[in-house]
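Here's the letter readout for the chains.
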Amino acid sequence: MLNLEDTYSHKGQRKALVELIKKKGIQDEAVLNAINTIPRHFFFESALHSHAYEDKAFPIGEGQTISQPFTVAFQTELLQVEPGDKVLEIGTGSGYQASILYLLGAELHTIEYQKKLYEQTKKFLPKIGIKVNFYHGDGSQGLPSQAPFDKIIVTAAAPEVPKSLLQQLKVGGILVIPIGGRLSQKMMKFTKRSPKKIIQEEFENFAFVPLLGKEGWEGSK
Ligand code: SAM
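Residues numbered from 1 in each chain as written. Predicted model: local features only at pLDDT ≥ 70, side-chain atom pairs only at ≥ 80, totals over all residues.

Per an unreviewed UniProt entry, the protein carries the name Protein-L-isoaspartate O-methyltransferase and comes from Echinicola jeungdonensis. Turning to the protein, the UniProt record has this under Sequence similarities (unreviewed entry): "Belongs to the methyltransferase superfamily. L-isoaspartyl/D-aspartyl protein methyltransferase family." (UniProt positions renumbered as here; feature names shortened; annotations may be inferred.)

Encoded structure:
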């Protein structure tokens, strides 16, 4: 039976987590507020509940993880979501990042490669009032049927930037994606100033699970 209790203790732990990620450098109040609002323990299997407010990644099945809260906040801050933005998330996973984006007012389209995770999360998010659009498939090629997007966030690491994602970004749009080797990657932000001009910024190191698929690691073999 699903236990969706959000106790006083959970709220206290969440507040402490928000203070911690603030100290680590997250400044965007809307992002901090979203982390403070979404009960992260809802996205954990019951055996791991007591760890939900640690600033760490944890397993969610199928060899995948729910990202570290600081990482979620960092990527979300870079994405600069405005209410009404049409956003593509690649790597739905547990649905935690999707819930944060929904709370920020995004019209979210989220795609997941692992069938089981796609089915689980598609069933679960509506139960906690999160309304997003779910897709199953290879997000390394974006989501042509819904393109273009104001913002694109990739929550798995690619060996290089997938060209399809830059193509599916509107002018003025932002793509946030970890890029690098198997073990560690730089967080990259691409801002599309015109169809041909793309500004690239590079941030600190992170460690993500690999982006699979044609424009991910499978295409680079
Ligand atoms: N955003 C997720 C969350 O909040 O739980 C984080 C999930 S995990 C770090 C990355 C996810 O990307 C995994 O669920 C993995 O299956 C998915 N993934 C990897 N390659 C993919 C691809 N080509 N298309 C879509 N999803 C992919």
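Next comes the rest of the write-up.
**Q** Residue-level account of the overall build of the protein, with values.
**A** Of regular secondary structure, the protein possesses six helices and nine strands. A globule of 221 residues ought to have a C-alpha radius of gyration of about 17 Å, and the protein, at 16 Å, matches this closely. In terms of its C-alpha atoms, the protein occupies a principal-axis envelope of roughly 50 × 35 × 35 Å. Counting all 221 residues of the protein, 42% fall into the buried class. Considering only contacts in the protein between residues 6 or more positions apart, those separated by 24 or more positions represent 55%. (Helix = DSSP H or I, 4+ residues; strand = E, 2+ residues; numbered from the N terminus. Rg over C-alpha atoms; globule rule 2.2 N^0.38 Å. Buried ≥ 20, exposed ≤ 12 C-beta atoms within 10 Å, placed from the backbone. Contact = placed C-beta atoms within 7 Å.)

**Q** Please set out the site of the ligand residue by residue, giving values where relevant.
**A** Around the ligand lies a shell of 26 residues, among which Gly91, Gly93, Ser94, Gly139 and Gly213 are the nearest. Counting residues per element, the ones that place at least two in the shell around the ligand are strand E2 (64–66), helix H4 (96–103) and strand E4 (107–112). Ranked by residue count, the leading element in the shell around the ligand is E2, at three residues. Along the lines of polarity and charge, the residues of the shell around the ligand split into eleven nonpolar, 13 polar and two charged. (Near = placed C-beta within 6 Å. Nonpolar A, V, L, I, M, F, W, Y, C, P; charged D, E, K, R; others polar.)

**Q** Could you give me a rundown of the sheet that holds strand E7 (residues 169–180), with the residues and numbers involved?
**A** In spatial order, the strands read E5-E4-E3-E6-E7-E8-E9; together these seven strands make up an open sheet with mixed pairing. Edge positions in the sheet fall to strand E5 (133–136) and strand E9 (198–206), since each of these pairs with one other strand and no more. Looking at each pair of strands side by side, their axes are set apart by 15° on average, direction ignored. Of the pairings in the sheet, the one linking strand E8 (residues 185–192) to E9 comprises seven bridges and is antiparallel in character. Across the sheet, the residue bridging to lysine 192 is isoleucine 198, located in E9. (Pairing = 2+ DSSP bridges. Axes fitted to C-alpha atoms, helices over the stretch in contact; angles between N-to-C directions.)

**Q** Describe the UniProt feature "active site" (unreviewed entry) in the protein, naming the residues involved and giving the relevant values.
**A** In the numbering used here, UniProt assigns the feature "active site" (unreviewed entry) to Ser67. Looking at where serine 67 falls in the secondary structure, it is placed in the loop between E2 and helix H3 (69–79). Look at serine 67 and you get buried, because 26 C-beta atoms sit within 10 Å. Ignoring any residue separated from it by four or fewer positions in sequence, one finds serine 67 in contact with Ala57, Val72, Gln97 and Thr155.

**Q** Any details on the environment of glycine 61? Residues and values, ideally.
**A** Tracing the backbone shows glycine 61 in strand E1 (residues 58–61). When the 13 C-beta atoms within 10 Å are taken as the criterion, glycine 61 is described as partly exposed. Taking the C-alpha atoms as reference points, glycine 61 and arginine 182, 121 residues apart in sequence, are found 20 Å from one another. Residues in contact with glycine 61, not counting those within four places in the same chain, are Lys116 and Leu117.

**Q** Account for the confidence of the model for the protein, with residues named and values stated.
**A** Looking at the protein, the pLDDT average stands at 96 and 99% of residues meet or exceed 70. Per the prediction output, this complex has pTM 0.97; the corresponding ipTM is 0.99. (pLDDT = per-residue confidence, 0-100.)

**Q** So what's going on with the packing of helix H1 (residues 8–23) against helix H2 (residues 29–37)? Residues and values would help.
**A** Remark: H1 packs on H2, axes separated minimally by 8 Å, with the N-to-C direction vectors making an angle of 150°. The angle between H1 and H2 falls in the class roughly antiparallel. Seen from above, H1 lies across H2 with right-handed handedness. Counted together, Arg14, Lys15, Leu17, Val18, Ile21 and Lys22 of H1 and Leu32, Ile35 and Asn36 of H2 form the full contact between these two elements. Of the residues in the contact of H1 with H2, the class split is five nonpolar, one polar and three charged. (Parallel < 35°, antiparallel > 145°, perpendicular 65-115°, else oblique. Left-handed = near helix turned anticlockwise from the far one by under 90°.)

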